[in-house]
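As a plain string of letters, each chain reads:
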Amino acid sequence: MNEKVVAMLLAGGQGSRLKSLTYDIAKPAIPYGGKYRIIDFPLSNCTNSGITTVGVLTQYQPHALHRYIGLGTPWDLDRHKGGVTMLPPYAEIDGIKWYAGTASAIYQNINYLTSCEPEYVLILSGDHIYKMDYEKLVEYHKEKQADVTVSVLEVPWEEASRFGIVNTDDDMHIVEFDEKPEKPKSNLASMGVYVFDWKKLEHYLEEDNSNEQSSHDFGKDILPKMLAEQKKMVAYPFKGYWKDVGTVDSLWEANMDLLDPSEGLVLHDPAWRIYSSNPQLPPQVITDTGRVQGSMVNEGCVISGTVNHSVIFQNVLVEQEAVVEDSVVMSGTKIGRGAQLSRVIVPPDVTVPENYQLLEPAAGITLLTQDLIDSWKESGQQ
Amino acid sequence: MTLMAAVDASVKVAGLQDLTIHRSVSSIPFAGRYRLIDFALSNLVNADVNSVGIFASQPFGSLIDHIGVGKSWDLDRRKEGLFFLPTTHQNGGIATVGSFRDFEENLQFFEKSRQTHVVVTSSFVAGQLDYKEMLASHLASGNDITEAIGASGSLKSYILSRRLILELIHSYREKRILSVEDLVNLKKAPYTYGVYEYKGYFAIIDSIQQYFKESLGLLDENNRRLLFLPQAPIYTKVKDEPPTRYLDGSDVSNSMMANGSTIMGNVKNSIISRAVTIGRNANLDSCIIMQKCTIEENCELAYVVADKDVYIEKGVKLTGTADRPIVLRKGERVTKEDAQ
């Protein structure tokens, strides 16, 4: 892109509804899709859209993310000019300033943005799974001569009350923001992806910072304020797969979506690669006794049992007579001989003992934990 | 005592012509996601050898594309690292490993280095040679040159002092020797020769038959365990392929599968590289399918080696044998009429 666009990627979220998966890592670092972490999607979108200056704002459990992103090499973001910059909260002379909200996170890095000299600032979230050409979004923003452009997605009407709904006129000018409305007037949900003119954003961030009543959030404070002051705000209709994986169930669903070539997200697209840090592992092996159907399997796996409609990450061993169905098995896991798993997410580096079965399979999706395995062992069922 | 390395990627190997029209032997794909040179390079970096010269002859485009600045092997260094040293001779590359003429052309690589010893190695042997152990054995023996020997022959890897290789580069013409391999085979005086016995897995790829046999040999779990050691990874160029998809109705057994492929058909006893598509009701037995090949539906393939970008149209039937596999050249398109 010619014009200077800087992406600010909000990656500080905890994702507490994902339980033990996010005890040690931030939500954007959660493994997804057999080899990726969620943050690979917005980062790869930046690379594929020609955006080469990216600030990544971290706060909750940032170590795994900092280590993972490093210099940004897998995403081609190790650049002389721009590139990726990790932006955790920092101390100033009058104390440490934690990021209180999405807007305060950006405000506290105003020096970084100023040094980048952007014309446009793209605000992104690090915990959404989607493929999007941000260049088209910025072009649209320029065409419409907007002060801010909000990317929106059509959601099913019956689910609209779960989202931040954007009401527009016929020309896609935003007339109202409706946060989780009981009776939605539209089914256009905000994706938490915004393009701002930098000067306008700078002004509103400073104003918001000095407002003690503000919760310092884009959706709750900045955008409504701009609307009240009749700034030009437009909605950009995004079409395509988009998923916010906030819960164990939705993380499972997002993985299962990959197994449906017609409905889900297409990863096998050389024109829009999702980049990721690649461990150097040998190819996967399906042995004489192995059987794999309707599944995705990554490198380093040895499959001697049955894998049905599942997503298998790198370095997983499925031993003979083990059956894995409708499940997500994360890296470094060993599924012991004769074990049976159905509708389960297995976190990384777990050893599932031989003949293991979930005693009382829950109605939804089970996130397997060492506690569950230990209590199964104690019950003497094996 | 420290090691530097001269990797001979220019050796001409008769018997691999169909796979070397567009590339050197060193960049022949092997084991689904690797090129042959990956094994030599990985063995070296796993032994902390950080100054590696790759001696290449035409055609080396594929090799350069694969190696780049050596990042995958951690050889993109400020100090030392990877040196790409192509020969200027039109007909570069001889039949034996470690050509003194090629070394002479790049004399500075040897002169300006600080290491005391040099590994001279081929780039068509896949194994897990431990150069630290081999150097220790070389030093203990007191011999001038040590050759690595495995159960079925020479691994074509040699250790000698840097001082000696410089002496040989200056005197090879009058001594009438072509290469390090040549010298060791002739056992020319006044030097002393020893061997280092390597006990692990290795595969020498010097003919199509060997290539076929050793590739499918990796379906034996014991061989895989010896070649892919968690503590000594084999590094290769990163491709960012997604995991491989197995669609409903596919059936894969006893096979090694790289990433990025879409499998709808039936595969057994085979090695499938990255980004391959295998159509519905296609049956593959004992095949080696390289990167980005497409096998359309209802094909019947047995004992076939398909080089990169081969396209096999639907309904094609090809049957080779273990001794004479059918080799399809890079980019070939096979129709039902061709196959009859």
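That block above? That's the structure.
What you are looking at is a predicted structure, and each value in this text was computed from that prediction instead of being measured.

Procedures and definitions
Residues numbered from 1 in each chain as written. Chains lettered and ligands numbered in written order. Predicted model: local features only at pLDDT ≥ 70, side-chain atom pairs only at ≥ 80, totals over all residues. Heavy atoms only, no water. Helix = DSSP H or I, 4+ residues; strand = E, 2+ residues; numbered from the N terminus. Rg over C-alpha atoms; globule rule 2.2 N^0.38 Å. Buried < 20%, exposed > 50% of the residue type's maximum accessible area, 1.4 Å probe, protein only. Contact = heavy atoms within 4.5 Å. Areas by Shrake-Rupley, 256 points an atom, 1.4 Å probe, with all protein chains shown as cover. Lys, Arg positive; Asp, Glu negative; His and termini not counted. Charge placed at Lys NZ, Arg CZ, Asp CG, Glu CD. Polar contact = N/O pair within 3.5 Å; in protein donor to acceptor, adjacent residues only side chain to side chain. Buried area = accessible area lost by both parts, 1.4 Å probe. Salt bridge = Lys/Arg side-chain N within 4 Å of Asp/Glu carboxyl O. Pairing = 2+ DSSP bridges. Axes fitted to C-alpha atoms, helices over the stretch in contact; angles between N-to-C directions. Arc of directions from axis to C-beta.

Draft legend 1. Summary view of the overall build of chain A. Check the secondary structure of chain A and you find nine helices and 29 strands. Relative to the globule expectation of 21 Å for 382 residues, the C-alpha radius of gyration of chain A, 22 Å, shows essentially globular dimensions. The C-alpha extent of chain A, read off along each of the three principal axes, is 65 × 50 × 45 Å. Taking all 382 residues of chain A together, the buried fraction comes to 55%. Partitioning the contacts of chain A with sequence separation of at least 6, the portion at a separation of at least 24 is 56%. In the structure as shown, chain A presents an accessible area of about 16600 Å², 45% of it carried by carbon and sulfur atoms. Placing the 32 positive and 53 negative side-chain charges of chain A at their respective mean positions leaves the two points 2 Å apart.

Draft legend 2. Region of the structure containing the overall build of chain B. Scanning chain B from terminus to terminus reveals 10 helices and 27 strands. Over its C-alpha atoms, taken along the principal directions, chain B stretches across nearly 65 × 40 × 40 Å. Restricting to contacts in chain B with at least 6 residues of sequence separation, those with at least 24 account for 55%. Carbon and sulfur atoms make up 47% of the accessible area of chain B, which amounts to about 13700 Å² in all. For chain B, the separation between the mean place of its 39 positive charges and that of its 40 negative charges on side chains is 3 Å.

Draft legend 3. Structural view of the side chain of Lys131(A). Residues and elements named next belong to chain A. Assignment of secondary structure puts Lys131 in the loop between β9 (128–130) and α5 (134–143). One polar contact links the side chain of Lys131 to the main-chain carbonyl oxygen of Val266, over a distance of 2.6 Å. For Lys131, the contacting residues outside a window of four places in its chain are Asn45, Phe238, Tyr241, Leu265, Val266, Asp269, Trp272 and Ile274.

Draft legend 4. The interface of chain B and chain A, seen in detail. Facing the 37 residues of chain B at the interface are 33 residues of chain A. Summing the contributions of chain B and of chain A, the shared interface buries around 2800 Å²; its carbon and sulfur component is 48%. In this assembly, chain B and chain A are joined by three salt bridges. Note that Asp251(B) and Arg291(A) form a salt bridge whose closest N and O atoms lie 3.7 Å from each other.

Draft legend 5. Molecular detail of the sheet that holds strand β1 (residues 3–9) of chain B. Residue and element names in this part refer to chain B. On the basis of which strands lie adjacent, the open sheet formed by seven strands has the order β5-β4-β1-β6-β9-β8-β10 and mixed pairing. Single-partner strands in this sheet number two, and they are β5 (81–86) and β10 (193–197). Between one strand axis and the next, the sheet turns by 25° as a mean value, whatever way the strands run. Here strand β6 (residues 117–122) runs beside strand β9 (residues 153–161); their pairing, made up of five bridges, is antiparallel. If you follow Val118 over to β9, its bridge partner there is Leu160.

Draft legend 6. A look at unusual backbone geometry. All names here are of chain B. A cis amide bond links Gln58 to the next residue, Pro59, at an omega of -5°. A cis geometry characterises the amide bond from Ala189 onward to Pro190, with omega recorded as 5°. With respect to the helices and strands, the residue Pro190 is situated in the loop between α7 (180–186) and β10. Of note, the phi angle at Asp48 is positive, near 60°, even though the residue is not glycine. Residue position: Asp48 is located in the loop between α1 (37–46) and β4 (51–56). Its identity as a non-glycine residue notwithstanding, Ser286 has a phi of 55°, on the positive side. Here Ser286 is to be found in the loop between β19 (283–285) and β20 (288–289).

Draft legend 7. Highlighting α5(A). All names here are of chain A. Within α5, the full set of buried residues consists of Tyr134, Leu137, Val138, Tyr140 and His141. Along α5, the residues classed as buried sweep out an arc of 155° about the axis, all on the same side. Residues of α5 that are exposed and point more than 90 degrees away from the buried face comprise Lys136 and Glu143. Near the N-terminus of α5, the side chain that reaches the backbone nitrogen of Glu135, with its oxygen 3.0 Å away, is that of Asp133. Once α5 finishes, Gln145 follows within two positions and takes phi at roughly 50°, a positive value.

Draft legend 8. Broad picture of the sheet that holds strand β22 (residues 300–302) of chain B. Residues and elements named next belong to chain B. Strand order across the open sheet formed by five strands is β13-β16-β19-β22-β25, with parallel pairing between neighbours. Of all the strands in the sheet, just β13 (251–253) and β25 (317–319) have a single pairing partner and so form its edges. For this sheet the average axis-to-axis angle between neighbouring strands, irrespective of direction, equals 5°. Sheet topology places β13 next to strand β16 (residues 266–268); three bridges connect them, and they run parallel. Bridge pairing in β16 links Ser253 to Lys268.

Draft legend 9. Up close: the side chain of Ser62(B). Residues and elements named next belong to chain B. Its location among the elements puts Ser62 in helix α2 (residues 61–67). Judged by its relative accessible area of 19%, Ser62 is buried. Excluding residues that lie within four positions of it along the chain, Ser62 makes contacts with His22, Arg23, Ser27 and Arg35.

Draft legend 10. Region of interest: helix α5 (residues 131–141) of chain B. Residue and element names in this part refer to chain B. Where α5 is concerned, the buried positions are Tyr131, Met134, Leu135 and His138. Along the axis of α5, the buried positions cluster into a sector of 100°, meaning they face one direction only. Buried residues along α5 sit in contact with β1, α1, β6, β8 (145–150), β9 and β10. One side-chain oxygen at the N-terminal end of α5 lies 3.0 Å from the backbone nitrogen of Lys132; it belongs to Asp130. Two residues or fewer after α5 comes Gly142, characterised by a positive phi angle close to 75°.

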